[in-house]
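# Geometric and topological summary
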Amino acid sequence: MSMTKGERHLTAVGAAIGVVLGLLALGPALAPGYTLHYDLVFVPDLSLSARTLGIDGSVPRAVPNDLVVALLGLVLPGWLVQKILLLGAFVVGGAGAGRLARTVPGAAAAAVLWSWNPWVGERLGIGHWGYLLGFAMLPWVLSAATRVRHRRGRALLVVALTAAALGGSTPGVLATVLATVTVVCIGGPLRAVLRDLAIVIGTSLLANAAWWWPFLRSAPKAADAQGADAFAAGADTPFGVVGSLVLGGGLWNDRTWFVERTTWPVALAALVAVLLVLALAVGRRSWWSEPRERAATAAGVIGLLVAALAAVPGGPGLLEAVVTHVPGGGLLRDAQKFTALWVLLLAVATAVVVDRLVERKAPVVPMLLAVAWPVATLPSLAWGHAGAWGSVDYPQDVRTVTQQLADSGDPVAVFPWSTYRRYAWNDDRVVLDPWNRLLPQPVVSDDRLPLRDGTVAGEDPAAARVTRSLDEGGDTVAVLRSLGVRWVVVQRDQPAPAGSVPDLSGTPTTTVGDLEVHDLGPSTQSAPPPDRLRALGLLGTAGAVLLSAVVLLRHRRE
C-alpha cells in the first residue's frame, strides 16, 4: 500500500517513537524467556488444537489471537513470538498515530500520547495483549475510513479492519464501531454512505467470523449478573470514575493502577493537560469542518459514554440487563475498554494542536510540553511497571509433564481448583493457570474469576460440575471420569485450601518435581461428535486475510 513521501515520513517518525517507548515500557519483559502475569500467558509450543481454532465448543474468548500465536510459533520460539507481538503493538500503533499529524512534532506528540497512556499501561498490567494489537490498529482504521471514497482508502480500510480482528473480539468490535461512525460522519450522498457501510460491515463480519460464528454455534448463555458490577470501570484518580475515564484509565482491576494517578498533583496535571488539548482543538471552527476530526469526536464520546455507563444514573441497571439477558452482551461487561476510542480522540486533538503550534512558529517549550506530558504524568509505566515484570523459563518438570500428557492425548484436569497461580519460578507474580495452553487436549480447570468483592461464575459446564462437587464434598473423581478425564495434575507448589483438591488416594501416581500426575484410567466416555460447521468461521477470517493480502499486493505500487 503506497503512501506519499510526507505520509511515509510521518509514519516513520511515529514508528520510531513507538520503538523507543515500547522498549522503555516493556523493559525486562523483552529479555529472553516468557513474561507471565495475569492473562499474559505464552507457552513454548501453543498447539493448533480445537481450542486454539475455536471449534472445541467453548466460548471463543482467545480466538483468533491464540491462532496467530500458534501459527507464528511454527517458525519462531514461543518467547520470541511474545516479544514481537508486544513490541510490535507499540511500533504499529505509533506509526498509525504519526499519520494523524501534518508535521514531525505533531507526529511525535500523537505517537507519544498513543503509546504512553493509562489505557495501554493498565491493559498491559492485566495482560490483555490482544487488546493492544487491536488498539494499535485504530489510528489506521480512522485514517482509512476517512478516505473510503477513494479506491486506496477502501483497500487500506479492508486491511486495517482485518488486522484489528486478529486481536480478538474486543479489537474487532472497537474497529467496527470506529469505522462505522467515521463513514456516517463523512456524510454525502445516501448511496455512497450505504456503499461504504456495506464495505465496513461486510469486512468486519468476514474478518471476525472466527469468533462470532462459533459463539453463536455454542448456544451461549447470558453472562453472570455479578460480572456487570464486578467489571465496571473504577476510579484510579481522585476525580472519580468519569474523571478517571477522561484521563484514559479506570480499569476495574485496581492491582493494575499506577500509584501516581491516585495522587492529586500528578492526576491534576494530567487533567489540565487533557482539558487544555481538547479546548485548543475542538474550540476552533476548523475542527468541525474536517470529517476526520468530527469522526474522532463522535467515536470518542460514544466510547466514553459506554465506558461510563455503570457510573451514571440508571446505567448499572441497563448494563446488567444487557449483560444478563442479551446473548453476547458480556462484551459490555468490561466497558472501560471502549475508552480506547476516547484516547484516539485525544491523539487526534494532540496532533492538531501541535501542528498548529508548529505552523505558527510557537516557542519550543510549549511543543516540548505537548510531547512530553504523557510520559511525565505516568512515569511508573517505565521498565515493566516499575520493574514488576520479568522474563522466565518454564521449569523442566513442567516441560516433562507437558510432553508426557500431550503424547497421550487424553483429557486432563488441573488442581488445586483455582484460576490463578503464583509460582516461585515466576517470582510469585499472579498469572492465569497456563495448563490450558501448555496442553493440546481438553483441559478441565477452574474458570471462575475471583475478585475482592466476590467471584464471577465461569462459562464452562464441565468446570461448573467440578466446582459443585468440590463445594458439596461429593465424589469428584467420579465426576471427572464422567467428563472423560484420565489425567489429574496436582500442582503441589500452590496453596491448597480445604476442598480444592479431590481425594485421589488409590490412583496410580507419578511425581515430577512439584507436579503429581494421577492416572484415573482410560476413559469409557465417548466424545460427542465434533460440530464441523463451527469451522466455517475460520474460513471467513481466512478469506478476509487472503483478501487483505491480495489488496496489499495489488496496490503496493500505486
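Here, the structure is the one placed above.
This report concerns the structure included in the present document. (Residues numbered from 1 in each chain as written. Predicted model: local features only at pLDDT ≥ 70, side-chain atom pairs only at ≥ 80, totals over all residues. Heavy atoms only, no water.)

### Description of the packing of aromatic side chains
So the rule is basically this: Only Phe, Tyr and Trp rings are paired, with Trp represented by its six-membered ring, and only when their centres lie within 6.5 Å; those with planes under 30 degrees apart are stacked, over 60 edge-to-face, the remainder tilted. Here a helix means four or more residues in a row that DSSP labels H or I, a strand means two or more in a row labelled E, and each is numbered from the N terminus. Exposed residues in this analysis have more than 50% of their type's maximum accessible area, buried residues have under 20%, and partly exposed residues fall in between, with area computed by a 1.4 Å probe over protein chains only.
Applying the stated rule across the entire model yields 11 aromatic pairs. Relative to F135, the ring of W119 lies with its centre 4.5 Å away and its plane at 15°, an arrangement referred to as stacked. Of the two residues, W119 sits in helix α6 (residues 118-126) while F135 sits in helix α7 (residues 129-145), which places them 16 residues apart along the sequence. In this structure F135 comes out as buried when scored by relative accessible area, which is 3%. Between F415 and W417 the ring centres are 5.3 Å apart and the planes differ by 35°, which places this aromatic pair in the tilted class. Under the relative-accessibility criterion, F415 is labelled buried at 0%. Classification of W417 as buried rests on a relative accessible area of 7%. Members of the aromatic cluster, joined through ring pairs, are Y34, Y394, Y423 and W425.

### Concerning the packing of α7 against helix α18 (residues 339-359)
Just so we agree on the cut-off: To obtain each axis, a line is fitted to C-alpha atoms, and for helices this fit is confined to the stretch in contact; angles are then taken between N-to-C directions over 0 to 180 degrees. When describing relative orientation, an angle under 35 degrees is termed roughly parallel and one over 145 degrees roughly antiparallel, while 65 to 115 degrees is termed roughly perpendicular and anything else oblique. Crossings are assigned a handedness: left-handed for a near helix turned anticlockwise from the far helix by less than a right angle, right-handed for a clockwise turn. It only takes one pair of heavy atoms within 4.5 Å for two residues to be counted as in contact.
Where α7 contacts α18, the two axes come as close as 10 Å, and the packing angle between them is 55°. With respect to each other, α7 and α18 are oriented oblique. In the crossing of α7 with α18, the sense of the turn from one axis to the other is right-handed. Residue-level contacts link F135, L138, P139 and L142 of α7 to A340, L341, V343, L344 and V348 of α18.

### Regarding the sheet that holds strand β8 (residues 509-512)
To keep things clear, this is the line we draw: At least two DSSP bridges between two strands are needed for those strands to be called paired.
Strand order in the open sheet formed by 5 strands is β4-β1-β7-β9-β8, with mixed pairing between adjacent strands. Each end of this open sheet is capped by a strand with a single partner; those strands are β4 (443-444) and β8. As paired elements, strand β1 (residues 412-415) and β4 share 2 bridges and run parallel to each other. Note on β4: the bridge partner recorded for A413 is V444. Against the sheet, helix α21 (residues 396-408) touches β1, β7 (487-491), β8 and β9 (515-519), its axis set at about 20° to β9.

### Considerations on the environment of A349
Following the sequence through the fold, A349 ends up in helix α18. Sequence separation between A349 and R152 is 197 residues; the distance between their C-alpha atoms is 25 Å. Discounting chain neighbours no more than four positions away, the residues touching A349 are V277, L278, A281 and W287.

### Some points on the nonpolar core
Put simply, the rule is: Grouping buried Ala, Val, Leu, Ile, Met, Phe, Trp, Tyr and Cys residues that are joined through side-chain atoms within 4.5 Å yields what is termed a nonpolar core.
Counting 119 residues, the largest nonpolar core has L138, L157 and W435 as its most contacted members. When residues in this core are grouped by element, the largest group, 13 residues, is from α18. Other than its neighbours up to four places away in sequence, L157 contacts V141, A144, A145, V148, A179 and V200. Among the nonpolar cores identified, the runner-up in size contains 15 residues, and F415, V466, V490 and L504 belong to it.

### Focus on the pattern of salt bridges
Filter applied, for reference: We define a salt bridge as a side-chain nitrogen of Lys or Arg found within 4 Å of a carboxyl oxygen belonging to Asp or Glu.
Tallying each qualifying case throughout the model produces 15 salt bridges. Here E459 and R61 are joined by a salt bridge, their closest N and O atoms 2.8 Å apart. You can see E459 sitting in the loop between β6 (454-456) and α23 (461-472) and its partner R61 sitting in the loop between α2 (50-53) and α3 (65-72), a full 398 residues away along the chain. We classify R61 as exposed; its relative accessible area is 52%. Notably, a salt bridge pairs R149 with D196, separated by 2.4 Å at the nearest N-O pair. Of this pair, R149 sits in the loop between α7 and α8 (151-165) while D196 sits in helix α10 (residues 190-207), placing them 47 residues apart in sequence. Note on R149: relative accessible area 28%, which makes it partly exposed. When salt bridges with common partners are traced through the structure, they connect R149, R195 and D196 into a single cluster.

### With respect to empty space enclosed by the protein
Short version of the rule: Cavities and pockets are found on a 1 Å grid laid over the protein atoms alone: a cavity is a set of points where a 1.4 Å probe fits but cannot escape, a pocket is an open set with protein on both sides within 12 Å along at least five of seven lines, and a lining residue has an atom within 4 Å of such a point. Grid points are joined across faces, edges and corners, and a volume is the space filled by probe spheres set on the points.
Inspection of every chain in the model, using the stated rule, returns 5 cavities of 30 Å³ or more. Approximately 130 Å³ is the volume found for the largest cavity. N117, P118, L247, W373 and T377 are, among the 15 residues lining the largest cavity, the residues nearest its centre. At the level of elements, α14 (264-282), α18 and α19 (364-376) are the ones that each hand at least two residues to the lining of the largest cavity. Of the voids in this model, the second largest cavity is the one considered here, and its volume is about 90 Å³. Around the second largest cavity sit A89, F90, G93, G94, W114, S115, V120, L132, F135 and A136, which together line it. No other element matches the 4 residues that helix α4 (residues 78-98) contributes to the lining of the second largest cavity.

### Let's talk about the packing of α6 against α7
Two numbers describe a pair of packed helices, the interaxial angle and the distance between the axes. Rules: In this classification, Asp, Glu, Lys and Arg are treated as charged, Ala, Val, Leu, Ile, Met, Phe, Trp, Tyr, Cys and Pro as nonpolar, and every other residue, Gly included, as polar.
Between α6 and α7, the shortest axis-to-axis distance is 8 Å and the interhelical angle comes to 155°. Comparing the axis directions of α6 and α7 gives the class roughly antiparallel. The hand of the α6/α7 crossing is left-handed. In this structure, α6 uses W119, V120, R123 and L124 to contact α7, whose residues at the interface are Y131, L132 and F135. When grouped by side-chain class, the residues that make up the contact of α6 with α7 number 6 nonpolar, no polar and 1 charged.

### Observations regarding the pairing of β8
For β8 and β9, the ladder comprises 4 bridges, and the chain directions are antiparallel. Bridging from a neighbouring strand, T509 pairs with H518 of β9. Between β8 and β9, which pair antiparallel and follow one another directly, the connecting turn spans 2 residues, one of which, G513, has a positive phi of 60°.

### Some details on helix α17 (residues 315-325)
Our working definition: The arc in question is traced by the directions running from the helix axis to the C-beta atoms.
Residues G315, L319, V323 and T324 constitute the buried set of α17. Considered in projection along α17, the buried side chains sweep an arc of 140° and stay on one side of the axis.

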